[in-house]
Amino acid sequence: MKTVMHISSTGVQYWRRQAHTWQACDSLASGSLWVVCNLPEESFAEIEIPRIFGRDRQNFIHRQLSSRFPDTPYRTVLTQPGSGSFMDRLAPPRQTIFGVDSAQRINEALAAHPSCPVAGVWATSMLMAQLSAHKSLPNELFVVLPADDGLRIVFIKNQLPVLSRLVPGADHAAEQAAEIARTVRHLENSRVLARSSEPRNVLLLDQRPDIEPWLAQERLTRVLAPPAWRKKPPLDWRFALFDLAVASPAGQLAPLSRRTRFVANRLRPLVYGAAGLCVGIGIWASVGSLNDIASGLAQRKLVQQRVDLLTQQSTDVEQKIAAFGVSAQTVRNAVVLEQDEISSVPPVATHLHQLSDIVSAFDPVRLHQLDWKILAVGQPACVNSATPAPAVNPAQPTEAALPKRVIEISFKINWPDRQGERIRNQGIADLSTQLAKIQGIQLLADPAQGLKLNPLSGGDTAAKKSAEEFLTWCFTVPGTTAAATTVRQP
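Residues numbered from 1 in each chain as written. Predicted model: local features only at pLDDT ≥ 70, side-chain atom pairs only at ≥ 80, totals over all residues. Heavy atoms only, no water.

Trainee: Residues and numbers for the state of the cysteines, please.
Mentor: Under the defined criterion, the tally for this structure stands at 1 disulfide. Each sulfur in the disulfide pair C382 and C474 lies 1.8 Å from the other. Disulfide C382-C474: the torsion about the S-S bond is -80 degrees, which places it as left-handed. Of this pair, C382 sits in the loop between β14 (366–374) and β15 (404–414) while C474 is found in strand β17 (residues 470–481), placing the two residues 92 residues apart along the sequence. Residue C382 shares its accessibility class with C474, and that shared class is buried. (Disulfide = S-S within 2.5 Å. Helix = DSSP H or I, 4+ residues; strand = E, 2+ residues; numbered from the N terminus. Buried < 20%, exposed > 50% of the residue type's maximum accessible area, 1.4 Å probe, protein only.)

Right under this line is the structure:
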């Protein structure tokens, strides 16, 4: 239910809309309140604005409002209809302002109902201008509203109000026509209207037919009502203004301090809706985090179950080891011993067979001595050989390949000199060449290398020395790396 407070020079009235009609009421019910005033102090003014924009333009208009209507907060700037160039539409060089100087009378009427939210304050002059701002109506138009508190005359030019008058006591048709004619002469004298012999257009918001002769006598012609009311004009045009006011059109005059509760009530559903939307977005955004947390907890539970299972298995192994009567450290030492001392020893049967085949191929050769031994890790090989081979730089051990266990094999041969020294030396060199072809060995002591270093000597002494000399070869057979298998230490 909507209630309108009508403030006029004769008093304050309350109207309530019920069943598509407006009915007068004595008391004001709870709810929002729309205020429509019809006071003599309503006036329009036109101001010129330089080509400025933004905040500078707003500040300039605010200063003009304060200068033109210094004693009232009930003032506003009218919306300018778009016309002219693009810059004129963007920043009009002229602007119409409106104000009601009777602020005390409006404040007293509102103070009588402090509990009612005020939707806004609209002036009758403003509502009449909006009601008649239609393109089908003439550009120069006098809008006239007869009422109990006086005759309201609003002049509109190019769909903008220029002048507003409230004439009290003009009840008869002749008096009303005379006041309209007086307004026309005032506008002609002030050069707002050009003088013309053509009749002036009047929109009379009244159904009385007896005014037609008086209008014709004053060179005034009556125009039809706006299209929305031509077929069925209202019985009282004030009700049409009330309907327009409760639609909250442009031109609201009350400052925000007067409309705080009404604006808050209107914004409350929007605020609640926005808050609900934010909560929904927050919940939707947190769903992903909740899923991640749940997934993390599930993974943590699985890891914990795995740890518990491994712990139980370790406990079972420790119990089984304890049942054998042997400590776990002893078992570990045995495994390490097996890896380092037994598994790392390379097989030598194949190399010995190959050595036997090579030596037996040389007929005059007689094997005097054969030795082999397992070297410790890092122990040099063939250190006691009579004729060592050239030193070989072993590869530096890395984390992937630690030093290898090797077997040292050495043998001595008595090589008789029956065919001469040259043939003997060639046989020694051939034997060394055959030994070097054995896969995997490293020949460290080679008598054939010594033959190249020793100087030649002649006579029986050299032959006898060669006949009595034992030749020694020494080579190594590599085994597996010491880190081939890793044993977990406690």
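Trainee: Tell me what's going on with empty space enclosed by the protein, and back it up with residues and numbers.
Mentor: Under the counting rule described, the total for this entry stands at 2 cavities of 30 Å³ or more. Each pocket or cavity is described by its volume, and for the largest cavity that value is around 60 Å³. Lining the largest cavity are H6, V36, N38, T124, L145, A147, R238, L241 and F242. Going through the elements one at a time, β4 (33–38), β9 (140–147) and α7 (237–246) are the ones with two or more residues in the lining of the largest cavity. At 3 residues, α7 tops the list of elements feeding residues into the lining of the largest cavity. The class makeup of the residues in the lining of the largest cavity is 5 nonpolar, 3 polar and 1 charged. Volume-wise, the second largest cavity comes out at about 40 Å³. (1 Å grid on protein atoms, 1.4 Å probe; cavity = no way out; pocket = protein on both sides within 12 Å on 5 of 7 lines; lining within 4 Å. Points joined across faces, edges and corners; volume = space filled by probe spheres on them. Nonpolar A, V, L, I, M, F, W, Y, C, P; charged D, E, K, R; others polar.)

Trainee: Explain the pattern of salt bridges to me, using residue names and the numbers behind them.
Mentor: Taken as a whole and assessed by the stated rule, the structure comprises 11 salt bridges. Across the pair R94 and E48 runs a salt bridge, and its minimum N-O distance is 3.0 Å. Of this pair, R94 sits in strand β7 (residues 94–100) while E48 sits in strand β5 (residues 42–48), and the two are 46 residues apart along the sequence. In this structure, E140 and R200 form a salt bridge, with 3.7 Å as the shortest nitrogen-oxygen distance. With E140 in strand β9 and R200 in strand β12 (residues 200–204), this residue pair connects regions lying 60 residues apart in the sequence. R200 gets classed as buried once you look at its relative accessible area, which sits at 10%. Three or more residues are tied together by salt bridges with common partners; here these are E140, E188, R195 and R200. (Salt bridge = Lys/Arg side-chain N within 4 Å of Asp/Glu carboxyl O.)

Trainee: Explain the packing of aromatic side chains residue by residue, including any values.
Mentor: Applying the stated criterion across every chain yields a total of 9 aromatic pairs. Here F239 and F242 contribute two aromatic rings whose centre-to-centre distance is 6.2 Å and whose plane-to-plane angle is 45 degrees, an arrangement assigned as tilted. Placement of the pair is F239 and F242 together in helix α7, with a separation of 3 residues, close to one helical turn. Classification of F242 as buried rests on a relative accessible area of 2%. Following the ring pairs from residue to residue traces out a cluster consisting of W15, W22, F239 and F242. (Phe/Tyr/Trp six-rings, centres within 6.5 Å; stacked < 30°, edge-to-face > 60°.)

Trainee: Requested: an account of the sheet that holds strand β2 (residues 11–18), with residues and values cited.
Mentor: With respect to topology, 5 strands assemble into an open sheet ordered β3-β2-β1-β4-β8, the strand pairing being mixed. Of all the strands in the sheet, just β3 (21–25) and β8 (118–123) have a single pairing partner and so form its edges. Each adjacent strand pair in this sheet contributes to an overall mean axis angle of 25 degrees, direction not counted. Pairing analysis gives 5 bridges linking β2 to β3, with the strands arranged antiparallel. Considered in β3, the bridge of R16 is made with Q23. The strands touched by helix α3 (residues 103–111) within the sheet are β1 (3–8), β2, β4 and β8, with β1 carrying the most contacts at an inclination of about 145 degrees. (Pairing = 2+ DSSP bridges. Axes fitted to C-alpha atoms, helices over the stretch in contact; angles between N-to-C directions. Contact = heavy atoms within 4.5 Å.)

Trainee: An account of a nonpolar patch on the surface is needed here, citing residue identities and associated values.
Mentor: Judged by side-chain polarity, F53, F86, M87 and L90 come together as a nonpolar surface patch covering roughly 400 Å² of accessible area. Structurally, F86 is set in helix α2 (residues 86–90). For F86, a relative accessible area of 56% corresponds to the exposed category. (Patch = residues over 30% accessible without salt bridge, like charges linked within 9 Å, V, L, I, M, F, W, Y side chains within 5 Å. Areas by Shrake-Rupley, 256 points an atom, 1.4 Å probe, with all protein chains shown as cover.)

Trainee: Give a detailed account of the sheet that holds β5, specifying residues and quantitative values.
Mentor: The sheet built from 3 strands is open, its strands ordered β5-β7-β6 with antiparallel pairing. Across the chains shown, the open sheet's two edge strands, defined by having one partner strand only, are β5 and β6 (75–77). Each strand axis lies, on average, 20 degrees off the axis of its neighbour in the sheet, ignoring direction. For β5 and β7, the ladder comprises 7 bridges, and the chain directions are antiparallel. Paired with S43 across the strands is G99, a residue of β7. Of the strands in this sheet, β5, β6 and β7 touch helix α1 (residues 54–68), which is tilted by about 140 degrees from β6.

Trainee: Run through unusual backbone geometry, naming residues and quoting values.
Mentor: In this structure, Q159 takes a positive phi of about 65 degrees despite not being glycine. Structurally, Q159 is set in the loop between β10 (150–157) and β11 (160–167). Judged by relative accessible area, Q159 falls into the partly exposed class, the value being 33%. Residue R219 is not a glycine yet carries a positive backbone phi of 60 degrees. Considering the arrangement of structural elements, one finds R219 in the loop between α6 (212–217) and β13 (220–222).

Trainee: Can you tell me about the nonpolar core, naming the residues and giving the values?
Mentor: What tends to happen in soluble globular proteins is that the nonpolar side chains get buried as a cluster. Of all hydrophobic cores here, the largest spans 28 residues; its most connected members are V4, W34, M128, V143, L203, L205 and W237. Those elements giving two or more residues to this core turn out to be β4, β8, α4 (124–131), β9, β10 and α7. With 6 residues, α7 is the largest single contributor of residues to this core. Of all hydrophobic cores here, the second largest spans 25 residues; its members include L28, V35, A103 and L110. (Core = buried A, V, L, I, M, F, W, Y, C linked by side-chain atoms within 4.5 Å.)

Trainee: Help me get a handle on the environment of A228, residues and values and all.
Mentor: Within the fold, A228 resides in the loop between β13 and α7. Note: C-alpha distance between A228 and L131 (97 residues apart in sequence) is 9.6 Å.

Trainee: Quick rundown of the pairing of β9? Include the residues and the values.
Mentor: The buried fraction of β9 amounts to 6 of the 8 residues, a majority that puts the element mostly inside the structure. Both β9 and β10 contribute to a ladder of 8 bridges, which runs antiparallel. Within β10, the position partnered with L141 by the bridge is I156. Between β9 and β10, which follow one another and run antiparallel, lie 2 residues. Here β9 runs beside β12; their pairing, made up of 3 bridges, is parallel. Along β12, the bridge assignment pairs V144 with L204.

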